[in-house]
Amino acid sequence: MLLTSNNILEINMSGKGTKFFESLLGPKLLEGDKEVDIKSVVDGKDYVAIYHSAHWCPPCRRFTPAFIKAYEEIQKKGGKSLATVFVTCDKSEGQFKEYFKDMPWHAVPFSAGEYKGFGGKSAKHLKVNGIPSLSIFDGEGKLIESQGVGVVSENGADFLKMLDPEEKKKAESAAMESLFAAMDLNGDGYIEKSEIEKCFGLIGAPPHITQQEVQTLLTRDTDGDGKLNKKEFCVATYSVAGRSPKWLAEAVGERLKEAKKKEEAKKEFASLKGMDFFKALLGDKLLGKPDKELSTETALDGKEYVGVYLSAHWCPPCKRFTPKLAEAFAMIESKDAKKLAMVFVTCDRDEGSFKGYWGSMPWNAVPFSAKDYTGFNSKAGMFLGVEGFQLCTCMDM
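The rules behind the values
- Residues numbered from 1 in each chain as written.
- Predicted model: local features only at pLDDT ≥ 70, side-chain atom pairs only at ≥ 80, totals over all residues.
- Heavy atoms only, no water.
- pLDDT = per-residue confidence, 0-100.
- Helix = DSSP H or I, 4+ residues; strand = E, 2+ residues; numbered from the N terminus.
- Contact = heavy atoms within 4.5 Å.
- Core = buried A, V, L, I, M, F, W, Y, C linked by side-chain atoms within 4.5 Å.
- Buried < 20%, exposed > 50% of the residue type's maximum accessible area, 1.4 Å probe, protein only.
- Polar contact = N/O pair within 3.5 Å; in protein donor to acceptor, adjacent residues only side chain to side chain.
- Axes fitted to C-alpha atoms, helices over the stretch in contact; angles between N-to-C directions.
- Parallel < 35°, antiparallel > 145°, perpendicular 65-115°, else oblique.
- Left-handed = near helix turned anticlockwise from the far one by under 90°.
- Nonpolar A, V, L, I, M, F, W, Y, C, P; charged D, E, K, R; others polar.
- Arc of directions from axis to C-beta.

**Student:** Where do I start with the confidence of the model for the protein in this structure?
**Tutor:** Any region with low pLDDT has predicted coordinates that should not be read closely. When pLDDT is averaged across the protein, the result is 91; 95% of the residues are at 70 or more. When pLDDT is averaged over each element of the protein, strand E5 (residues 106–107) comes out on top at 98 and helix H1 (residues 5–12) at the bottom at 41. Within the model, the stretch residues 1–12 combines pLDDT values under 50 with seven contacts to residues more than four positions away or in other chains.

**Student:** What exactly am I supposed to notice about the environment of Phe21 here?
**Tutor:** In this fold, Phe21 is placed in helix H2 (residues 17–25). A C-alpha to C-alpha distance of 9.7 Å links Phe21 and Phe137, two positions 116 residues apart in sequence. Excluding anything up to four places from it in sequence, Phe21 contacts Gly26, Ile38, Val42, Val48, Phe137, Asp138, Gly139 and Gly141.

**Student:** I'm lost on unusual backbone geometry in this one. Help?
**Tutor:** Trans is the prevailing form of peptide bonds, just as negative phi is the prevailing case for residues other than glycine. In this structure, Pro132 follows Ile131 across a cis peptide bond, with omega equal to 5°. Position of Pro132 relative to the elements: it lies in the loop between helix H6 (121–126) and strand E6 (133–138). Cis rather than trans, the peptide bond between Lys289 and Pro290 has omega equal to -5°. For Pro290, the location among the structural elements is in the loop between strand E10 (285–288) and strand E11 (292–295). Of note, the phi angle at Lys127 is positive, near 55°, even though the residue is not glycine. Here Lys127 lies in the loop between H6 and E6.

**Student:** Before we go on, may I ask you to explain the nonpolar core in this structure?
**Tutor:** One recurring pattern in soluble globular proteins is that nonpolar side chains are buried together. Membership of the largest hydrophobic core comes to 55 residues, with the highest contact counts inside it found for Leu25, Tyr51, Phe86, Leu134 and Phe159. Per-element tally for this core: the top contributor is helix H4 (residues 58–77), with seven residues. Discounting chain neighbours no more than four positions away, the residues touching Leu134 are Ala49, Ile50, Tyr51, Phe63, Phe67, Glu145, Ser146, Gln147, Gly148, Val149 and Val152. The next biggest cluster of nonpolar side chains, apart from the first, holds 44 residues, and it includes Met275, Cys315, Val345 and Tyr357.

**Student:** I would appreciate a short explanation of the side chain of Glu195 in the present structure.
**Tutor:** The topology assignment puts Glu195 in helix H9 (residues 193–202). In this structure the side chain of Glu195 is engaged in a polar contact, spanning 3.0 Å, whose partner is the backbone nitrogen of Leu185. Discounting chain neighbours no more than four positions away, the residues touching Glu195 are Met183, Asp184, Leu185, Asn186 and Tyr190.

**Student:** Would you take a moment to explain the packing of H4 against helix H7 (residues 148–155) for this structure?
**Tutor:** In a packed pair of helices, the relevant descriptors are the angle between the two axes and the axis-to-axis distance. Viewed as axis vectors pointing N to C, H4 and H7 meet at an angle of 65°, and their least axial separation amounts to 10 Å. Here H4 lies roughly perpendicular to H7, going by the angle between them. For the crossing formed where H4 meets H7, the hand is left-handed. The residues of H7 that touch H4, namely those facing Phe63, Phe67 and Ala70, are Val149, Val152 and Ser153. Looking at the contact of H4 with H7 residue by residue, the classes come out as five nonpolar, one polar and no charged.

**Student:** Got a minute to help me understand helix H5 (residues 93–100) in this structure?
**Tutor:** Along an α-helix, residues three or four apart share an orientation, since each turn contains 3.6 residues. Residues of H5 that are buried include every one of Phe96, Tyr99 and Phe100, and no others. In an axial view of H5, the angular spread of the buried residues amounts to 90°, which keeps them on one side of the axis. The secondary structure elements touched by the buried residues of H5 are strand E1 (28–31), strand E3 (47–53), H4, strand E4 (82–88) and E5.

Set out below in structure tokens:
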């Protein structure tokens, strides 16, 4: 037999249990800052999770706290046992240590070059080409779940239940029933083509994906009436672009709530005009330069037009557009100071980012503390139908 690097790896990984995990992760692991034998970590465990992640990766840093919370709840509750091993994809030992210090599980040492990173044995074996990646094995080394990030994100500490085939089947059945209820928009007990199209439109699916999924779902129409009853719809589980039925049901439900709020916002503002309209939209108080509070009435009084700018420091397109908007505003103001008032509605996540970003703008802002009037779900966001990107709109007084 001709030996290549690939089949040598397969031969070395043909063992079970501790031997298998040692071939993937090495003989020693870190427990805090001390080395321990891998046998003491994985031996006798019901499940072993291998977590490829890195400090430099924003999705990893968002997922890790959720995984830590789920892991600690599992350890506290008892039941099925879980060992987790972090395989770093960081570029320096300093980054690795900074990231690992908050994790309650074990790690492959940074010095164990052949076992860490995208080129390490576990990453090659699992074909890891993106992070975060969480792969879950049984105690013998059989891969049970390669999409662990999604499973943990959706189920939290209950994710271990999803590794049991019977429990998974029950959960998928319940999720399909929830998805049916969410997509049955008119509540008549059937899902029609138009309802599928509307639901996929709500979650932002491109038209070609929407039509593809319409065709896919309607293959379940066994009685040929052009619509799906509950039995037909729930005959098997369903996913699109890696999204589970549970995620889809929740996403459709949330978007329907948002659509209802937007409709209510438009009704709320329909009877309002002039200053009353803008006070309802932006609040009674604004921030003026330099960081002083003033009434909305004072800020907008006598202006012919009012521009409302929803934007955020973390948004690259916003940061590219803001200087151009500031230049145009300065040009208009230099010709007629009474022509236009601009108001910044922040969509930033913290006050420091808001203040730093607003500092580059020559106009007033809604205070960061005015929660009803900031963010995508603010009064302005709901009324204007903002969908997660910058929006600048101009209205007359």
